Structures are given as structure tokens and as C-alpha cells.
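What follows is each chain in one-letter form.
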Amino acid sequence: MNSNFYLPRKLLSSDRTYTEEELLAASKYLVVLAEPGGGKTELMGSLAQQLGTSRVSASVFGYADADLQNRPLVIDAFDELAKVDQSGIYKLLAKARNAKPTCLIISSRSSEWDNAATNAFEEFLGSTPLVVRLFEFDEAEQRAIFEHHIQGEDFAAFQTEVARFDLDALLPNPQFLKLFADAYIESQRRFADKCSIFEQAVERLAKEANAYVTRANPTLSTTHKVELSSEVFAKLLLSGADGVSTSEVTEDRMYPLLASLFCSNIAADGILATRLFKPGDRTAIHHPVHKIVAEYCAASYLSRRIADPEDPLTLPKCLPIIAPNSIVRDELRGLLGWLATLGVDLHLKLTQDLHAKLTHPDGSIMA
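What counts and what doesn't
- Residues numbered from 1 in each chain as written.
- Predicted model: local features only at pLDDT ≥ 70, side-chain atom pairs only at ≥ 80, totals over all residues.
- Heavy atoms only, no water.
- Helix = DSSP H or I, 4+ residues; strand = E, 2+ residues; numbered from the N terminus.
- Buried < 20%, exposed > 50% of the residue type's maximum accessible area, 1.4 Å probe, protein only.
- Contact = heavy atoms within 4.5 Å.
- Areas by Shrake-Rupley, 256 points an atom, 1.4 Å probe, with all protein chains shown as cover.
- Pairing = 2+ DSSP bridges.
- Axes fitted to C-alpha atoms, helices over the stretch in contact; angles between N-to-C directions.
- Parallel < 35°, antiparallel > 145°, perpendicular 65-115°, else oblique.
- Expected span 1.5 Å × (residues − 1).

The helix and strand inventory of the protein chain stands at 15 helices and 10 strands. A buried classification covers 49% of the 367 residues belonging to the protein chain. For the protein chain, contacts bridging at least 24 residues in sequence account for 63% of all contacts bridging at least 6. Counting every atom, the protein chain has about 18500 Å² of accessible surface; 51% of that belongs to carbon and sulfur.

Even without being glycine, Ala77 reaches a positive phi, approximately 60°. By secondary structure assignment, the location of Ala77 is in the loop between β5 (72-76) and α4 (78-82).

What follows covers the pairing of strand β10 (residues 285-288). Bridge count between strand β8 (residues 244-245) and β10: 2 bridges; the pairing is antiparallel. Across the sheet, Ser245 pairs through a bridge with Ile285, a residue of β10. Examined bridge by bridge, strand β9 (residues 277-279) and β10 share 3 bridges and lie antiparallel to one another. Directly across from Lys278, in β10, lies its bridge partner His287.

Where helix α7 (residues 139-149) contacts helix α8 (residues 155-163), the two axes come as close as 10 Å, and the packing angle between them is 105°. With respect to α8, the element α7 is oriented roughly perpendicular. In this structure, α7 uses Glu139, Gln142, Arg143 and Phe146 to contact α8, whose residues at the interface are Phe155, Ala156, Phe158 and Gln159.

Moving on: helix α12 (residues 291-307). With 17 residues, α12 should cover 24 Å at 1.5 Å per step; its first-to-last C-alpha distance of 24 Å lies within 8% of that length. Along α12, 14 of the 17 residues are buried, which leaves the element largely enclosed by surrounding structure.

Turning our attention to the sheet that holds strand β2 (residues 16-19). What links the strands of a sheet is backbone hydrogen bonding, and the strands pair in either a parallel or an antiparallel sense. With respect to topology, 7 strands assemble into an open sheet ordered β2-β1-β7-β3-β6-β5-β4, the strand pairing being mixed. The outermost strands of the open sheet, each flanked by one partner alone, are β2 and β4 (55-57). Between one strand and the next, the sheet's axes are offset by a mean angle of 30°, whatever the strand orientation. Both β5 and strand β6 (residues 103-109) contribute to a ladder of 4 bridges, which runs parallel. Residue pairing for β6: Leu73 is matched across the bridge by Leu104.

Written as C-alpha cells, this is what we have:
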């Protein structure tokens, strides 16, 4: 696939549709919302390019220097900041106001942006932002994405195969479309079930994509790369970290040192050379390629360990982290859903925990 391939987006606010150019002309204060994998980051990169600036992630913006003063600010992935700091919106907007931006654009998952966030924006910046949502890709655009991602394949046949499992409704989401396309090729164009679609997609992402790459040292097998990556993703999600660092100089709470995530001396650097990871905004920083992938892999890793009777990791040990006080952490709902899909009996355990909290010592139910 041509990595520079990009389809201009349309955006919707109430009953009005904007092109990217019209959006930039409509307001100097913008908030872009979309579901996971909807293409927010690519859009923010396009808007930044049109404004003659660079996209910066919300977590990195908090450490940004004064070189962002008096220029357009394009801040991506506010939701990643919100999940670890409930007051993150106030800190971000305060820093943005101090930068005196000529234009401010923020992207977020719709689940992490509400009326309170919009009100905070107005209080800090003195103006109500124009809140827009990404317009879904139509079938012609889906075909274009597919044909650039997997060259020489029949989109109609792929579409039919995906529809067999009632997953065609997810094709307007470009990240899902690409995942399903990878799984389609890996499964020899015939899916077995829904779980196998993701399993095969992840396996394809872990394989070396460049036939001309050679290494002097033995490389990790595809299976081993998936296993190690899944362990990393599980630890990142459960701890609320953003990614990993390969340098002690850049490691911190949000980017732990990759080597520190393993108990034994494992040469895990090879996983960063796969498409399961993408480079961060700073040197030596790496992120999961997408949270959708990280959630599936992490759930697969945890479910295997939970199912192993000889493994000390059990569901009762996991749930206090995933669902403290039997309330699932918002950022881990996808992980929990995959755990249930992969056969972990979560409903019974959560029900038992909730019942225990509502029951008096004498066995009667609390009011």
C-alpha cells in the first residue's frame, strides 16, 4: 500500500456537511470527534499540513516547549490523555491558551468528549468550538482504500466474505477495513469465524512485509512476535501507559522501557520492527499500531493465562484492575469485551462481586 495515500474527509455538524477546506474556514476553534479507528489521526495530519504546522499528540503537548507559541495548534488524541487524568482537559486548555494559538483543533474519541469539555473549552479560550464528526467512508471510498492496501484483489469478493459474519457494517471504519483485508489474505480469502479474522490480521501485521530485508541475527518467529507484543499490550492497557521506550533517557510513566516489561532477559526489540507498532512523536518512542489491535492481543494474552490452571494469574486477580468496585474502566471496555468473546466467563464473576458488595453479613440484601 502507498503509505501516502489519503482520501480527503467530510465532516458533519448538526445538519451541515463540511469539506476539510470549508471546515478550516468555518472556525478557528474546532473539535473533531470519531470512533476508534475512524481516521482522526490521518485527518489531523492533513489539517495540520494545510495550516503549515505539525500534528502533536495531547500527551506530548503537555511537555511541549515554547516553540508552539502564536501558531496553529493541531492536538490529536485528547482521549488518550483523558483516560489517565480526569483533569486533563483543563491542563491541556490552559497550556493551549498560554500558547496564544492562531487556530486550535483538538481530536478525541466521542466517548471522552462531552458538554462539560465544550464548556471548559469556551471558558479557557473565550469562544465555543465548532464540534464536528467524521463522515463515514462510502462504498466507493472503501473500495479505494482496499485496493491501495491490498493490490490486485477483488473488493466485491472481500465485501461478500466479510458480510458472511455480519461485519460489513464496520467497513466504513478504515482501521477495521484494513484489518479485515489483512485477515482476508492471511486466511486464503475464506474466514472461519469472527475471532479468526482478528487472529489472522494480527499474524499478518507481525510478518515481515519487505522481502528484501535481511538480518544477521536470528529473528523471532511470527508466533513469538505476536506473543511478546500481546504481553506488552496487556501491560500497557492495564497500567494506562501510551507506549514503550527503547531508551532509558526517554522512559517515563507513559512510556516504560520495553525491556522492563519482561521478567526474564528477552530480546524483544524485534517486535518493534513489525506493523504491530508505529513510531511515536519522539525518537525511541513506539505506540501500538492501534488500540483495536492492542485490545484484541491483550485479551488473547490474558485469556490464555487465565485458562492455564498452572498459571498464578487468575480472573479474580485481573478484575480489580479492569473493573475496580465492579465498574469497568472506560478505556478497558474493549479489552473486557474481547475477554468475553474469547471465552472468559466475566459475567458470573462480576455478578458475584456485585452481589457480595450488596449483601449484609447475615445474608440479607442491602437497600
